Amino acid sequence: MKKVGRNDPCPCGSGKKYKRCCLEKDQAANVTRIAPGQPAADEPEDDFSDPVITAEDVVSLIEHELEWGNVLYQMIARYLANRMAGEYELDHIAMAVTMLNLYTGTAQPVLRTAGVIAGAMEYFTAQAFGIEGVTLTSLAEKYDVSASAISRRYKDLEAFAEALYEQENAAPGQPRAVGMPPNLKQLADSPEALEQLARESDDPAELAQILLYYTWDEPSPTKRIDLARQALRIYPDSADAWNILAEESSSPEEALEYYRKGMEAGKKHLGRKFFRENRGLFWGILKTRPFMRAKFGFAHTLHKSGRHREAIREYKELLELNPNDNQGARYLLVLAYLELKEYGAADKLMNQTYADDISAEFNYNRLLTEYGMRGITPALKRLFRQAVHYNPHIPDFLTGKKRLPRKMPERIVVGDTTEAAAYAGDHLHLWRERPELLAWVDDRLQSR
């Protein structure tokens with residue numbers, strides 16, 4: 001017989017390591033667990049083989065070892081590590097940072113409030129390690145956000161982790177959505193070989209999707225179209241194939257038709273029952289994303305074509321399917337409301353449904369909404385101070401003190417001139433339609 005080691009499976013059968021499950025309880029009750037088997041002569045009675053994580057390791061992980069697709073994600077990782085420091089073991093913090101990196105790198109979520117994702121990631125970590133006393137309410141107070149916002153993001157993280165687990169435990173030889181078979185790049189140049197592979201594949205839908213992951217990075221528009229059509233021959237209900245054809249279309253009408261076919265393909269692939277059972281969880285479930293991309297593209301193209309009512313309907317359905325709104329549909333929905341002068345609907349969305357959103361876009365649009373509903377009021381001063389706090393550069397673009405760049409920035413940094421230019425590029429026409437409000441903003445700038 002030997003003593004159960006810290007890193008052995010817990011004897012209670014939970015599947016967790018002993019140190020993550022019953023160890024503390026047994027120590028408190030002065031219980032020593034034993035298990036069958038004789039330890040080897042050179043094996044210590046208690047296994048402490050886990051590497052020791054230091055604070056320097058966590059810093060190195062954030063600053064050097066992990067690749068961040070967006071500097072904002074790296075900033076949130078620093079913020080998360082600092083807020084967890086002193087309350088969690090360093091290996092817990094390292095896991096949280098690594099999970100944040102995986103999540104943001106794959107999902108590329110729109111993160112407007114650092115406290116929401118940080119709180120959700122801390123809650124996810126506490127749940128994963130069985131740490132008691134960490135509640136949504138306590139985290140909401142800690143990060144100064146609502147518990148419901150943390151809960152929504154946590155559900156998204158949980159769904160992502162489940163999908164990641166399924167992929168990591170896929171059967172040998174089974175295609176994985178996060179990668180590509182080594183020979184697929186060569187196969188993409190051989191339609192006959194691809195079709196043969198499709199006939200032999202147990203999952204043509206997955207094969208088509210993997211081909212499309214490669215297609216997104218293809219620089220040639222002609223080749224992208226060819227590969228998208230190849231994917232449709234492999235699996236006719238491939239929504240992302242229609243999305244690529246829509247992006248390469250020559251007119252808004254053609255794009256709308258391709259996006260419509262993408263939505264139909266996505267619905268057929270997922271099935272009606274899936275929609276009923278998973279409404280509100282979309283995007284967090286990886287296989288919904290091709291359909292969601294098609295629906296978002298359809299809505300945005302309607303909007304740009306001046307078909308606001310139809311676009312609003314699509315945006316609202318996107319938010320019903322995915323209240324976490326990883327795609328940013330709420331921002332375009334508010335823009336559409338403001339363009340139609342439906343200030344009450346815009347106000348409800350910004351100040352009730354997404355009241356926790358402190359983005360510069362919502363803060364400046366709250367000024368437009370207040371003015372549209374009530375004119376020049378004392379409340380505008382408070383809203384203006386709040387908006388300038390989150391991005392002080394936007395008023396200069398609105399009042400003409402700065403010109404918009406000829407080419408809009410590809411990467412937007414929160415609070416920076418890049419964010420200011422992006423906002424002004426989308427909303428300047430609304431402000432110019434309200435010269436009295438613009439003059440009021442200019443007066444505020446002069447008095448600062």
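Residues numbered from 1 in each chain as written. Predicted model: local features only at pLDDT ≥ 70, side-chain atom pairs only at ≥ 80, totals over all residues. Heavy atoms only, no water.

**Remarks on the overall build of the protein**
Counting secondary structure elements, the protein contains 23 helices and 2 strands. Per-residue burial for the protein yields a buried fraction of 47% across its 448 residues. Relative to all contacts within the protein whose residues are 6 or more apart in sequence, the contacts with residues 24 or more apart total 62%. As displayed, the protein has an accessible area near 23,200 Å², and 50% of this comes from carbon and sulfur atoms. (Helix = DSSP H or I, 4+ residues; strand = E, 2+ residues; numbered from the N terminus. Buried < 20%, exposed > 50% of the residue type's maximum accessible area, 1.4 Å probe, protein only. Contact = heavy atoms within 4.5 Å. Areas by Shrake-Rupley, 256 points an atom, 1.4 Å probe, with all protein chains shown as cover.)

**Considering the packing of aromatic side chains**
Per the counting criterion, the structure on display carries 12 aromatic pairs. Between Phe275 and Phe291, the ring centres sit 5.2 Å apart and the planes meet at 85°, which makes this aromatic pair edge-to-face. With Phe275 in helix H14 (residues 272–278) and Phe291 in helix H15 (residues 289–304), the pair connects residues that are 16 residues apart, well separated along the chain. Just as Phe275 is buried, Phe291 falls in that class too. Clustering of aromatic rings is evident, with ring pairs tying together Phe274, Phe275, Phe282 and Phe291. Of note, Arg83 hangs over the ring of Tyr143, and the distance from its end group to the ring centre comes to 5.1 Å. One residue, Arg330, lies across the ring of Tyr354, its end atom 4.8 Å from the ring centre. (Phe/Tyr/Trp six-rings, centres within 6.5 Å; stacked < 30°, edge-to-face > 60°. Lys NZ or Arg CZ within 6 Å of the ring centre and 35° of its normal.)

**So, helix H17 (residues 329–339)**
In terms of burial, H17 is a largely internal element, 10 of the 11 residues being buried. In this fold, the buried residues of H17 make contact with H15, helix H16 (308–321), helix H18 (343–353), helix H19 (360–374) and helix H22 (417–432).

**Observations concerning the UniProt feature "repeat: TPR" (unreviewed entry) in the protein**
Under the UniProt annotation, "repeat: TPR" (unreviewed entry) lies at residues 292–325. For the annotated span residues 292–325, helix accounts for 79% and strand for 0% of the residues, and the straight-line distance between the end C-alpha atoms is 11 Å. (UniProt positions renumbered as here; feature names shortened; annotations may be inferred.)

**Some words on the confidence of the model for the protein**
This prediction gives the protein a mean pLDDT of 83; 80% of its residues lie at or above 70. Taken as a whole, residues 36–50 scores under 50 in pLDDT and shows 16 contacts with residues more than four places along the chain or in a different chain. Overall, residues 170–185 carries pLDDT values under 50, and its contacts beyond four positions in sequence, including any with other chains, amount to 19 contacts. (pLDDT = per-residue confidence, 0-100.)

**Examining the pattern of salt bridges**
Summed over all chains, the structure comprises 20 salt bridges. We note a salt bridge from Glu277 to Lys273, for which the minimum N-O separation is 3.9 Å. With Glu277 and Lys273 both in helix H14 and 4 residues apart, this pair spans about one turn of that helix. Across this residue pair, the class does not change: Glu277 and Lys273 are exposed. The structure contains a network of salt bridges with shared partners spanning Lys295, Arg313, Glu314 and Glu317. (Salt bridge = Lys/Arg side-chain N within 4 Å of Asp/Glu carboxyl O.)

**So, the environment of Ala421**
With respect to the element layout, Ala421 can be found in helix H22. Among the residues examined, Ala421 registers a relative accessible area of 3% and is labelled buried. C-alpha separation for the pair Ala421 and His393, spaced 28 residues apart in sequence, amounts to 8.5 Å. Sequence-distant contacts of Ala421, that is, excluding residues within four places in its chain, are made with Phe397, Leu404, Pro405, Met408 and Pro409.

**Considering helix H20 (residues 379–390)**
With 12 residues, H20 extends 17 Å from end C-alpha to end C-alpha; this agrees with the ideal 16 Å at 1.5 Å per step. Tucked into the core, H20 has its buried residues touching H19, helix H21 (394–398) and helix H23 (435–447). (Expected span 1.5 Å × (residues − 1).)

**Considerations on the packing of helix H10 (residues 204–216) against helix H11 (residues 221–234)**
Contact pair H10 / H11: the axes reach a minimum separation of 9 Å and the direction vectors enclose 175°. Comparing the axis directions of H10 and H11 gives the class roughly antiparallel. Note on element contacts: H11 touches H10 through Arg224, Leu227, Ala228, Gln230, Ala231 and Ile234, opposite Pro204, Leu207, Ala208, Leu211, Leu212, Tyr214 and Thr215. In terms of residue class, the contact of H10 with H11 is made up of 10 nonpolar, 2 polar and 1 charged. (Axes fitted to C-alpha atoms, helices over the stretch in contact; angles between N-to-C directions. Parallel < 35°, antiparallel > 145°, perpendicular 65-115°, else oblique. Nonpolar A, V, L, I, M, F, W, Y, C, P; charged D, E, K, R; others polar.)

**As for the side chain of His427**
Within the element layout of this structure, His427 appears in helix H22. With a relative accessible area of 1%, His427 lands in the buried category. When near neighbours in sequence (up to four residues on either side) are disregarded, His427 contacts Leu335, Glu361 and Asn365.

**Overview of the side chain of Lys142**
By secondary structure assignment, the location of Lys142 is in helix H6 (residues 136–143). Lys142 gets classed as buried once you look at its relative accessible area, which sits at 19%. Side chain to side chain, Lys142 and Glu122 meet in a polar contact 3.0 Å long. Apart from the residues lying within four places of it in its own chain, the contact partners of Lys142 are Arg83, Met84, Glu87 and Glu122. (Polar contact = N/O pair within 3.5 Å; in protein donor to acceptor, adjacent residues only side chain to side chain.)

**Quick word on the packing of helix H3 (residues 71–84) against helix H4 (residues 90–107)**
Viewed as axis vectors pointing N to C, H3 and H4 meet at an angle of 160°, and their least axial separation amounts to 10 Å. The angle between the axes of H3 and H4 places the two elements in the roughly antiparallel class. Handedness of the crossing formed by H3 with H4: right-handed. Residues Tyr73, Ile76, Ala77, Leu80, Ala81 and Met84 of H3 touch H4, and the partners they reach there are Ile93, Ala96, Val97, Leu100 and Thr104. Class assignment of the residues belonging to the contact of H3 with H4 gives a composition of 10 nonpolar, 1 polar and no charged. (Left-handed = near helix turned anticlockwise from the far one by under 90°.)

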